[in-house]
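Below, each chain spelled out in residue letters.
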Amino acid sequence: MPSSFPAPPPPSPRAFTAFPKALPSRDAVVAALRAAGCVFAEDEAALILEAARTAAELTALVERRVSGLPLELVVGWAEFRGLRIAVAPGVFVPRRRTEFLVSEALAHAPHAHVVVDLCCGSGAVGAALAAALDRPEVHAADVDPAAVACARGNLADAGGRVYAGDLFDALPDALRGRVDILAANVPYVPTGEVALLPAEAREHEPLVALDGGGDGLDVLRRVAAAAPDWLAPGGCLLVETSERQAADAVDAFARAGLTPRLAVCEDLYAHVVTGVRN
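The model shown is predicted, which means the values in this text are computed figures rather than measured ones.

1. Some details on the overall build of the chain
Counting its regular elements, the chain contains 11 helices and 9 strands. Relative to its length of 278 residues, the chain is compact, with a C-alpha radius of gyration of 20 Å against a globular reference of 19 Å. Split into buried and exposed, the 278 residues of the chain put 53% on the buried side. Considering only residue pairs separated by 6 or more positions, the chain has 64% of its internal contacts joining residues 24 or more positions apart. Only carbon and sulfur atoms are counted for the fraction: they give 54% of the accessible area of the chain, which is about 12,100 Å². In the chain, 24 positive and 35 negative side-chain charges are present, and the distance between their average locations comes to 3 Å.

In structure tokens form, the structure reads like this:
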């Protein structure tokens, strides 16, 4: 589950010395990033230069990126559907392919009034839905305190309420039967495959946001089973999954009494299952 910019390989001594500390320049930044193995060195350099306020800060930011820290954590934000979503160490970085989940939610419920972003991480999905809808009531929840703090900042302008807790246990009972869009970006990496993830995910993001259990669908099944109690009539649950898990995810939605539909975006390599409460 790579983020927008892949992390460079472990740096060599040359990668550090390629960047002059005394007089940073754009060319020096690009050279240092390129030497460290950053594929999009020029694009990354532009973002790092924008984030730095002083020469010393620029040097520090480049050194962090060269050491393997994901670019989003270096500059402190990730782009998601045209928004700058603040991210912090230990918080799941929103993926561009998850933009497809937001698009599917808006296609199904363009006039949604109540939105829940479950397993919210940074709150990117909730923030994107809030920006696209007409002043919706936005709620979000995550089990990770660092994610909750981050999401509160990202959802503040939308008046979003963010709760700490395990899935639906975190939500107020007053939401039962009222939710028009329930977006749940659940972890779906099988436990045995977590070690195969890119280093920027393995080393810098919480395991709880990645590990979906034996077949990767443990959390998805829990969410699907409980969702009908929280959805309004005609409301929808949306989750992202992988191509090989999609059929089992659709089956889990059907078993929960939801009407499922699988949508695929080839460009983003995204697979989203939507389940509607009839």
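Right, picking up where we left off after that structure.
2. Notes on the nonpolar core
Ranked by internal contacts, the top residues of the largest apolar core, which has 33 residues, are Leu129 and Ile181. Of all elements in the fold, only helix H6 (99-108), helix H7 (124-132), strand E4 (137-142), helix H8 (145-155), strand E6 (179-184), strand E7 (231-241), strand E8 (259-265) and strand E9 (270-276) reach the threshold of two or more residues within this core. Considering each element in turn, this core owes the most residues, 6 residues, to H7. Residues within four places of leucine 129 in sequence aside, it is in contact with Val102, Ala105, Leu106, Val115, Pro136 and Ile181. Formed by 30 residues, the second largest nonpolar core is a distinct cluster that contains Val114, Leu167, Ala227 and Leu237.

3. Points about the environment of alanine 146
Along the chain, alanine 146 falls in helix H8. In this structure, the C-alpha to C-alpha distance between alanine 146 and valine 115, residues 31 residues apart in sequence, is 21 Å.

4. Some points on the pattern of salt bridges
Scanning the model with the defined rule gives 19 salt bridges in all. Arginine 135 is the partner of aspartate 134 in a salt bridge, and the nearest nitrogen-oxygen pair spans 3.3 Å. Across the pair, arginine 135 and aspartate 134 agree in class, each one exposed. Ionic pairing is found between arginine 176 and aspartate 173, a salt bridge with its closest N-O pair at 3.4 Å. Given the relative accessible area of 55%, aspartate 173 is considered exposed. Within the structure, one salt-bridge network assembled from shared partners comprises Arg26, Asp27, Arg34 and Glu42.

5. A look at the sheet that holds strand E3 (residues 114-118)
Spatial strand order, E5-E4-E3-E6-E7-E9-E8: 7 strands in an open sheet with mixed pairing. The two strands at the open ends of the sheet, each matched to only one other strand, are strand E5 (161-164) and E8. Taking each pair of neighbouring strands and ignoring which way they run, the sheet shows an average axis angle of 20 degrees. Taken together, the 4 bridges between E6 and E7 define a ladder with parallel strand orientation. By the bridge assignment, isoleucine 181 is partnered in E7 with cysteine 236. Contacting E6, E7, E8 and E9, H6 crosses the sheet at an angle of about 160 degrees to E7. Lying over the sheet, helix H11 (residues 246-255) contacts E7, E8 and E9, oriented at roughly 10 degrees with respect to E9.

6. Side note on the packing of helix H2 (residues 26-35) against helix H3 (residues 41-51)
It is the contact of H2 with H3, at a shortest axis distance of 9 Å, that shows an interaxial angle of 125 degrees. It follows that H2 is oblique to H3 by the angle criterion. Taken as a pair, H2 and H3 cross one another with a handedness that is right-handed. Taking contact as the criterion, the partners of Arg26, Val29, Val30, Leu33 and Arg34 in H2 are, on H3, Ala41, Glu42, Glu44, Ala45, Ile48 and Leu49.

7. Examining H3
Of all the residues in H3, the buried ones are Ala41, Glu44, Ala45 and Ile48. When H3 is viewed along its axis, its buried side chains cluster within an angular range of 105 degrees and face the same direction. Where H3 is buried, its residues meet H2, helix H4 (55-66) and helix H5 (71-75).

So, how was this worked out
- Residues numbered from 1 in each chain as written.
- Predicted model: local features only at pLDDT ≥ 70, side-chain atom pairs only at ≥ 80, totals over all residues.
- Heavy atoms only, no water.
- Helix = DSSP H or I, 4+ residues; strand = E, 2+ residues; numbered from the N terminus.
- Rg over C-alpha atoms; globule rule 2.2 N^0.38 Å.
- Buried < 20%, exposed > 50% of the residue type's maximum accessible area, 1.4 Å probe, protein only.
- Contact = heavy atoms within 4.5 Å.
- Areas by Shrake-Rupley, 256 points an atom, 1.4 Å probe, with all protein chains shown as cover.
- Lys, Arg positive; Asp, Glu negative; His and termini not counted.
- Charge placed at Lys NZ, Arg CZ, Asp CG, Glu CD.
- Core = buried A, V, L, I, M, F, W, Y, C linked by side-chain atoms within 4.5 Å.
- Salt bridge = Lys/Arg side-chain N within 4 Å of Asp/Glu carboxyl O.
- Pairing = 2+ DSSP bridges.
- Axes fitted to C-alpha atoms, helices over the stretch in contact; angles between N-to-C directions.
- Parallel < 35°, antiparallel > 145°, perpendicular 65-115°, else oblique.
- Left-handed = near helix turned anticlockwise from the far one by under 90°.
- Arc of directions from axis to C-beta.

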